[in-house]
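Now for the letters of each chain:
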Amino acid sequence: MKKSSTRNKSSFDKDRRRKHHHYLVTVYYADGEKFGRVYTDKDKATRFADRQRRSPVVKSARVSQVS
């Protein structure tokens, strides 16, 4: 069984048909709630995650590329 840290990263940039990528922002709140939002612009996704991190009720926020 592999460790989760040694996951193979998908090569999303190899597909020439792709016009844009999708970035999933997952926000974890202190009360255990989880919220996700998908962006096609990495900059907007990163700014949203940074803005959410400033909130005192947010435990963590991460950006991951989904396609």
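Here the structure is shown first, and the text comes after it.
Described in the following lines is the structure provided in the data block. The structure displayed is predicted, hence computed values, not measured ones. (Residues numbered from 1 in each chain as written. Predicted model: local features only at pLDDT ≥ 70, side-chain atom pairs only at ≥ 80, totals over all residues. Heavy atoms only, no water.)

## Section: the overall build of the protein chain
Alright, step 1. Looking only at helices and strands, one finds one helix and three strands in the protein chain.
Alright, step 2. Along the protein chain, helices (α) and strands (β) appear in the sequence β-β-α-β when read from the amino end.
Alright, step 3. Taking all 67 residues of the protein chain together, the buried fraction comes to 18%.
Alright, step 4. Restricting to contacts in the protein chain with at least 6 residues of sequence separation, those with at least 24 account for 44%.
Alright, step 5. Accessible surface for the protein chain amounts to roughly 5800 Å². Of this, 47% is attributable to carbon and sulfur atoms. (Helix = DSSP H or I, 4+ residues; strand = E, 2+ residues; numbered from the N terminus. Buried < 20%, exposed > 50% of the residue type's maximum accessible area, 1.4 Å probe, protein only. Contact = heavy atoms within 4.5 Å. Areas by Shrake-Rupley, 256 points an atom, 1.4 Å probe, with all protein chains shown as cover.)

## Digging into the nonpolar core
Alright, step 1. Core analysis: the biggest nonpolar cluster contains nine residues, these being Tyr23, Val25, Val27, Tyr39, Ala45, Phe48, Ala49, Val58 and Ala61.
Alright, step 2. For this core, the secondary structure elements donating two or more residues are strand E1 (23-29), helix H1 (42-53) and strand E3 (58-65).
Alright, step 3. When residues no more than four places from it in sequence are discounted, the contact partners of Phe48 are Val25, Val27, Phe35, Arg37 and Tyr39. (Core = buried A, V, L, I, M, F, W, Y, C linked by side-chain atoms within 4.5 Å.)

## Examining the environment of Val57
Alright, step 1. Along the chain, Val57 falls in the loop between H1 and E3.
Alright, step 2. Placed 27 residues apart in sequence, Val57 and Ala30 show a C-alpha to C-alpha distance of 5.5 Å.

## Considerations on the side chain of Ser67
Alright, step 1. By secondary structure assignment, the location of Ser67 is in the segment after E3.
Alright, step 2. Within polar-contact distance, the side chain of Ser67 engages the side chain of His22 at 2.7 Å.
Alright, step 3. Apart from the residues within four sequence positions on either side, Ser67 is in contact with Phe12, Arg18, His21 and His22. (Polar contact = N/O pair within 3.5 Å; in protein donor to acceptor, adjacent residues only side chain to side chain.)

## A short note on H1
Alright, step 1. If you check H1, its first and last C-alpha atoms are 16 Å apart, about what 12 residues at 1.5 Å a residue would give, namely 16 Å.
Alright, step 2. Ala45, Phe48, Ala49 and Gln52 are the residues of H1 that are buried. Seen along its axis, H1 keeps its buried residues to an arc of 100°; they face one direction.
Alright, step 3. Its buried side turned inward, H1 meets E1, strand E2 (34-39) and E3. (Expected span 1.5 Å × (residues − 1). Arc of directions from axis to C-beta.)

## Re the sheet that holds E2
Alright, step 1. As summarised here, the arrangement of the three strands in space is E2-E1-E3, forming an open sheet in which the pairing is antiparallel. Two strands close off the open sheet at either side, each with one partner strand: E2 and E3. Averaged over all adjacent pairs, the angle separating strand axes in this sheet is 15°, with direction ignored.
Alright, step 2. Here seven bridges tie E1 to E3, and the two strands are oriented antiparallel to one another. Residue pairing for E3: Val27 is matched across the bridge by Ala61. (Pairing = 2+ DSSP bridges. Axes fitted to C-alpha atoms, helices over the stretch in contact; angles between N-to-C directions.)

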